[in-house]
Structure formats: structure tokens, C-alpha cells
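# Remarks on the overall topology
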Amino acid sequence: LAQSLFALFASSLAISLVFAIIPLCHNVVVLAVVMAVAGLAMGCIDTISNMQLVKIYQKDSAIFLQALHFFVGFGALLSPLIADPFLSDTNCILSNATANASSNLPHIRKSLVPHHPGNLSHYDLPMKGMVVTRVSYAFWIMALINLPVPIAVFFLLYKERMVPCFNSSSHPLLSADELAMETRPTVKDDLSTSVQRPHAAGGHDDLFSCCQSKNFRGASYAYFAVHITGALVLFMTDGIVGEYSGFIYSYAVEEPLSVVHKVAGYLPSLFWGFITLGRLISIPVSYRVKPATMVFINVVGVLITFLLLLIFSYSVVFLFVGTASLGLFLSSTFPSMLAYTEDILQYKGCATTVLVTGAGIGEMVLQLLVGSIIHDQGSYSFLVCGMIFGGLAFTFYTFLLFFHRMYPKPSSDMDAASPDKPAVMDDTGQYQR
């Protein structure tokens, strides 16, 4: 836990520093390096926060994962609203030609659709002059808004006596039982304590313990198949989130819909708004519905929504309805899949890293793939790609269900009776100091 908190502290502090530095970058190479650092920090936060929630709360982790990802969606919805007042409606560089260029901005925006990249040469945009944009303030405000996060993490490290340079005389914020919310019988609690004490003393259980090769010895093929199929489901579903939010505007303004640009601009906001709403709804729902059932509803809903979007591809009204529906179905897929997969694998925490990595790769790769396909085949291929990805997500989920049935289930009687079987008890994630 100490390693995870230190990594969260460093990563969240790095994000504030990156946002403060971005407006000062006057070289594209420097900006690329700074953005790479931001991506690395966000990836660490994403992986560690999911993994620790799974290891600490285990069977109860589905509710906490839904809450975590609600705030992810809420941040994605809120940050553009913070930046919007500082964005210029005209060209950011003031020169004699600014008036003529700004009058052509609606046409320039339309020409940014992938089919007409050559049209940009018709408009003269000044590249030299006095910079009049105020977008730097948006980055600095976001840096300040994020700053309480590393401060809070450091405060937690201090209160839990995990900072080497500071010895806090106060009591910890939460005891082990309060934080872990353990609901095991007393016999099991005694057993887990007796097993974990020598385990902790050896210092074996660190942040990267799940990556050690000896943990894979004797593992069945179903063990690896569950990791792979779970990651492939999230590769597709998170890829759909990335490509849909990235290209729905371009699809809407093109024929046959030809939606007005200002109206089309509401589609990404609507999509993220319903993702956030869906994650909020999923917090109480996940208390009643099993994660496997929620994932099934999600992937089937995504598939049906894309099918209806293809059938009613000439309807602007249904495009908005379908966008909202897709946001709802995609909203809880990631946390539900995480809870379901970790449940199969007895909450070791290793699946979290694999699933987060698969989701991140999918969000990157599918956007590149869909962008190139739309450029070559036209806007209608946008929905066809979504339909194919949804079908693949459903197929991989079917394989996951099959491998779940093949995966050996631990014997609860042996766990309760035999102290020589620490496989499940070793990695409970129970909070220790």
C-alpha cells in the first residue's frame, strides 16, 4: 500500500506540473515529451487506483469501482466546461489578415472533416503576429484544481506513518478492519492474520509481485485465457468509447445527415454526459446485480444500439438517441469487467494491470484505425466499424464465460481448514502497517 500511495502522489503531482508547463512549451518536441509524461502519470493512476480498490475491498469492489469511474467520467465532462471560457472564437494570432480569416472560420472547421484536407489551402491563416489567446489560463486553473490531490495523498501517507522523514505521533486515520471492510467469519480472520504475518515480514508482497514468474508456475491455460479474453473485451469497448467520442462530430456534419456544426458539437458532450450518468446509476445497481450480468447487458446493448444506428442512419433524432444509449451501455463496462475478472481470479490484483493496459491500447489503436478507414471509405464506415467492434466484444465475452466455467474453483472448506493453502489468503489486500 505504501508503494502504491507514493506512486499516486508522484503521478498526481506530475500532472499538476505538466499542466502548468504546457502553456510555456514553444517547441513541439518539448510539448510531446511533456504530454508523454502526463500520459505515463495518468496510466499509473488508472492502474494503481483500480488495483488497490480490488485488493482492499475484494467482493465489495464492484461498488467502489463504479464510483471511481463515475468520477473519471465526471472529470471528462467538467474539464471542457472549465476551458471553454478561455477559448478564442477567432484566430489566436492577431495580424492584418485576422478579420478575413475569422470570417472564414466556419468553413475552415467544416474543411477539417477527413475527406477534404486539401481545402485548407484556400484560407489564409496568419502564423505570425501578436498572440491573443487566453487558453493558458485554462491549463493553469486545471493544474491548481488538481493540486489538492497529491496534497491529500501525502497527508494520508503522513497519517499512516509511511513517510520515512516524518514520524507522526497521531493515530492512523482508519484501522485495518475499517478500511478493508472485512466480512469474513472470525475463524477465517484469525487464519488470514496468522498467514499474513510471516508473509508481510518477508517483504514479498510488493507492487509488482503479480509479475513474478513463479506465480505462473502450474497455472492452467484457463488462467491465461481469462486474462486475455477480459483484456480483449475492454480493448473493444474502450476503443469504441475513444473512436465514437473522437469521430461522432465528423460523422454528423457529413452527408447524409449534414447536421449544423454547432448542433453536432453537442454530440460528444451528450455522449460523455450519459457515460457519467450511467456510472452514477451503476453505483447502486452494482449492489444488486452481478458484474457478469452487467457486462452482458452492456455488450448486448452496444451491439443493438449500433445496429439501430445503421438502420436509422438518415435520422438526426435517432443519432442523438443512439449516442445517449451508447453512452449508458458503455458507462459501466470497464468497472464491471474488472470486478468480474478479479472475482474469477480470487482478487490477486494482476488482472487489473492486464485489463487496464488492454483498454488503453484499444482506445489508442481503434481511433487510429477508424480515422484511416473513414478517410478512405467515407463517413458511413464509422458506424460499420462500431458494429464490428461491438460484435467482437460480444464474441470475446462469450469466450470469457466459457473459460470461466473451465477455471478451477477454490475449495472454501480447504481454505477454512488448512493453513498450508495460502494461495487465496496471501493476497487478500488486507490493510497493514
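An unreviewed UniProt entry lists the chain under the name MFD4A protein, with Chauna torquata given as the organism. Here the chain is described in UniProt, under the heading Sequence similarities (unreviewed entry), as follows: "Belongs to the major facilitator superfamily." Under the Subcellular location (unreviewed entry) heading, UniProt states for the chain: "Membrane".

## What to know about the environment of H227
For H227, the position within the fold is in helix α10 (residues 221-253). Judged by relative accessible area, H227 falls into the buried class, the value being 8%. Taking the C-alpha atoms as reference points, H227 and T353, separated by 126 residues in sequence, lie 9.8 Å from one another. Excluding residues within four positions of it along the chain, H227 makes contact with L345, C350, A351, V354 and L355.

## A closer look at helix α7 (residues 148-159)
Taking 1.5 Å of rise per residue, the 12 residues of α7 would be expected to cover 16 Å, and the 16 Å separating its terminal C-alpha atoms lies within 8% of that figure. Within α7, burial applies to P150, V153, L157 and K159. Buried positions along α7 lie against α1 (2-21) and α6 (135-146).

## Overview of the confidence of the model for the chain
The predicted model of the chain has a mean per-residue pLDDT of 76, with 71% of residues at 70 or higher. Scored below 50 in pLDDT, residues 182-204 makes 29 contacts in the model with residues more than four places away or belonging to other chains. Taken as a whole, residues 412-433 scores under 50 in pLDDT and shows 54 contacts with residues more than four places along the chain or in a different chain.

## Focus: the nonpolar core
One finds Y244, F306, L319, M337, F382 and Y397 to be the most contacted residues of the largest nonpolar core, which totals 64 residues. Counting residues per element, this core draws most heavily on α10, at 16 residues. Excluding anything up to four places from it in sequence, L319 contacts Y244, I248, Y251, A252, L257, L267 and L309. Grouped together as the second largest cluster of nonpolar side chains are 7 residues, L5, I48, V153 and M162 included.

## Side note on a nonpolar patch on the surface
A surface patch of nonpolar side chains, about 480 Å² in accessible area, is lined by L24, Y137, W140, I141 and I145. For I141, the location among the structural elements is in helix α6. Here I141 falls in the partly exposed class, since its relative accessible area comes to 30%.

## With respect to the side chain of S331
Tracing the backbone through its elements, the reader meets S331 in helix α14 (residues 316-331). What makes S331 buried here is its relative accessible area of 1%. Beyond its immediate sequence surroundings of up to four residues, S331 is in contact with F274, I275, G278, R279 and S282.

What counts, and where the lines are drawn
- Residues numbered from 1 in each chain as written.
- Predicted model: local features only at pLDDT ≥ 70, side-chain atom pairs only at ≥ 80, totals over all residues.
- Heavy atoms only, no water.
- UniProt positions renumbered as here; feature names shortened; annotations may be inferred.
- Helix = DSSP H or I, 4+ residues; strand = E, 2+ residues; numbered from the N terminus.
- Buried < 20%, exposed > 50% of the residue type's maximum accessible area, 1.4 Å probe, protein only.
- Contact = heavy atoms within 4.5 Å.
- Expected span 1.5 Å × (residues − 1).
- pLDDT = per-residue confidence, 0-100.
- Core = buried A, V, L, I, M, F, W, Y, C linked by side-chain atoms within 4.5 Å.
- Patch = residues over 30% accessible without salt bridge, like charges linked within 9 Å, V, L, I, M, F, W, Y side chains within 5 Å.
- Areas by Shrake-Rupley, 256 points an atom, 1.4 Å probe, with all protein chains shown as cover.
- Salt bridge = Lys/Arg side-chain N within 4 Å of Asp/Glu carboxyl O.

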